[in-house]
Amino acid sequence: MHERRTDAMTDSPTTRSAQPAGALPGVSYVMPVLNEVTHVEAAIASLLDQDYTGPFDVIVALGPSIDGTTELVERLSRVDPRIRVIENPTGSTPSGLNVAIEASQHPIVVRVDAHSLLPRDYTRIAVATMLRTDAANVGGIMKAEGTTPFESAVALAYGSKAGLGGGAHHVGGSEGPAETVYLGVFQREWLTRVGLFDEDIRRGQDWELNRRLRDAGGTVWFTPELVVVYRPRPSLERLARQFFSTGLWRGELARRFFSANALKYFVPPVMVLVAVLGAVVGVVGAIVTGLGGAAGPWLLLGFVVPGVYLLFVAVSALAAGLRAGARTGVWFLVVLPCIHFSWGLGFLLGFGKLTSNITAHNGR
């Protein structure tokens, strides 16, 4: 819950008296992991390979995995004592982050995702930016990269305005205060002040935490110098599940904190409604026309709306194909509607409080 507090070390990196003169503040990497045997080893290796010269530790909050992740992570911790594995019984992301933060020891907390690969200079740049700006949270760009044509299509959707709307943490932008950022490098003092992550929010918990940081007077700082490689979901089923869950929780958050939500979040659900209604009206028009009704031809105009959307998808897929190859372009024809409709439908259900157990949807 967001009221939660911890008695762990609360020195701020901006409190110079807590550090020897000229010393870099210590950093704790916190990573919730559940069934990530494919990606977690590379993610952890990117942490151990950082060029940051200050002290650090890696806290892996391990959920009840069944794919070999448990054995892999425990083996890594035996080889390198800087890696600590702790139990996350619920397996949820916010609870994993919270138990990892409470188990860590340094004044700067770096959130890490098992699908993410940090560049070698990530921590060095983030800490330098934090010391320069005194921001409560510093973050940058999620650069999605795929290893297959399908994943490449998903990556292009992540990084385009046609896919996810073109937020700065997906496509870049100018350095400065932001609503939210990808992952996050936090001053522990600020995390404990606002009560860590809300464990009732299974997705979108980063946005909600950043909202509380800003409301408490902290600064969330975006810098395009921080670019993190992210590996997309490898199948259409997992992609649809991920975006349905993301949309569901975004709708839930939009209902809880309506004034804090930008209009851009309502674009996909409105598009879903309009496209579906247009198709329904067009089908009714076709039936009425077949029966000789005078209104039929007018109702057929409903097909214009989904037709325009399909044209938009086709043009976007053509651009993707020219940029990344024909196979990626073909997959883009499927990926883009999957993202839009999964996210949009989820949003409508979440905003309307039409799901019986929203906490069961974690996007995995």
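Since this is a predicted model, take the numbers as computed values, not measurements.

Caption draft 1: Looking closely at the nonpolar core. Among the nonpolar cores identified, the biggest contains 68 residues, and Tyr-29 and Met-31 are the most heavily contacted of them. Not counting residues within four places of it along the chain, the set of residues in contact with Met-31 comprises Val-40, Ala-43, Ile-44, Leu-47, Ile-59, Val-60, Ala-61, Val-112, Asp-113 and Ala-114.

Caption draft 2: Spotlight on the pairing of strand E3 (residues 83–87). For strand E2 (residues 56–62) and E3, the ladder comprises five bridges, and the chain directions are parallel. Note that in E3 the partner of Val-60 across the bridge is Val-85. Handedness of the crossover joining E2 and E3 through helix H2 (residues 69–79): right-handed.

Caption draft 3: Quick look at the packing of helix H11 (residues 267–290) against helix H13 (residues 304–324). Two elements in contact, H11 and H13, have axes whose closest approach is 7 Å; the angle formed by their N-to-C orientations is 125°. Here H11 lies oblique to H13, going by the angle between them. Touching Met-271, Val-274, Ala-275, Gly-278 and Ala-279 of H11 are Val-305, Pro-306 and Tyr-309, all from H13. Looking at the contact of H11 with H13, its residues break down into seven nonpolar, one polar and no charged.

Caption draft 4: Seen up close, helix H1 (residues 40–48). Residues of H1 that are buried include every one of Val-40, Ala-43, Ile-44, Ser-46 and Leu-47, and no others. Each buried residue of H1 sits inside an arc of 155° when the element is viewed along its axis, so together they form one side. On its buried face, H1 is in contact with strand E1 (27–33), E2, H2, E3 and strand E5 (116–117).

Caption draft 5: The arrangement of the packing of aromatic side chains in detail. Applying the stated rule across the entire model yields 14 aromatic pairs. Ring geometry for Phe-258 and Phe-266: centres 5.8 Å apart, planes at 65°, overall edge-to-face. Ring centres 5.4 Å apart and planes at 15° place the aromatic pair Trp-343 and Phe-347 in the stacked group. Of this pair, Trp-343 and Phe-347 are both found in helix H14 (residues 326–351), four residues apart, which corresponds to roughly one turn of the helix. The residues Trp-343 and Phe-347 share a single accessibility class, namely buried. Three or more aromatic residues link up through ring pairs in this structure, and these residues are Phe-258, Phe-266, Trp-343, Phe-347 and Phe-351. The ring centre of Trp-207 lies 4.8 Å from the NZ or CZ of Arg-250, which sits over that ring.

Caption draft 6: Geometry of the side chain of Gln-205. Examined against the element boundaries, Gln-205 turns out to sit in helix H9 (residues 205–215). Gln-205 gets classed as buried once you look at its relative accessible area, which sits at 4%. Separated by 3.3 Å, the side chain of Gln-205 and the backbone nitrogen of Arg-203 make a polar contact. Once you skip the residues sitting within four places of it in the chain, Gln-205 turns out to touch Thr-93, Pro-94, Arg-111, Phe-197 and Asp-198.

Caption draft 7: Spotlight on the packing of H1 against H2. At a closest axis distance of 10 Å, the pairing of H1 and H2 adopts a crossing angle of 25°. On the basis of the axis angle, H1 is roughly parallel to H2. In the packing of H1 onto H2, the handedness of the crossing is right-handed. Contacts from Val-40, Glu-41 and Ile-44 in H1 reach Thr-69, Leu-72, Val-73, Arg-75 and Leu-76 in H2. Taken together, the residues of the contact of H1 with H2 sort by class into five nonpolar, one polar and two charged.

Caption draft 8: Representation of helix H5 (residues 149–158) within the structure. Across the 10 residues of H5, eight count as buried, placing the element largely inside the fold. Buried within H5 are the following residues: Phe-150, Glu-151, Ala-153, Val-154, Ala-155, Leu-156, Ala-157 and Tyr-158.

Caption draft 9: Here's a closer look at the confidence of the model for the chain. Model confidence for the chain is summarised by a mean pLDDT of 87, while 88% of its residues fall at 70 or above. Looking across the chain, the model is least confident in helix H7 (residues 168–171), with a mean pLDDT of 58, and most confident in strand E4 (residues 108–111), with 97. For the stretch residues 1–18, pLDDT sits under 50, and the model shows 44 contacts to residues farther than four places along the chain or on other chains.

Conventions we followed
Residues numbered from 1 in each chain as written. Predicted model: local features only at pLDDT ≥ 70, side-chain atom pairs only at ≥ 80, totals over all residues. Heavy atoms only, no water. Core = buried A, V, L, I, M, F, W, Y, C linked by side-chain atoms within 4.5 Å. Buried < 20%, exposed > 50% of the residue type's maximum accessible area, 1.4 Å probe, protein only. Contact = heavy atoms within 4.5 Å. Pairing = 2+ DSSP bridges. Helix = DSSP H or I, 4+ residues; strand = E, 2+ residues; numbered from the N terminus. Right-handed = clockwise from strand over helix to strand, strands pointing away. Axes fitted to C-alpha atoms, helices over the stretch in contact; angles between N-to-C directions. Parallel < 35°, antiparallel > 145°, perpendicular 65-115°, else oblique. Nonpolar A, V, L, I, M, F, W, Y, C, P; charged D, E, K, R; others polar. Arc of directions from axis to C-beta. Phe/Tyr/Trp six-rings, centres within 6.5 Å; stacked < 30°, edge-to-face > 60°. Lys NZ or Arg CZ within 6 Å of the ring centre and 35° of its normal. Polar contact = N/O pair within 3.5 Å; in protein donor to acceptor, adjacent residues only side chain to side chain. Left-handed = near helix turned anticlockwise from the far one by under 90°. pLDDT = per-residue confidence, 0-100.

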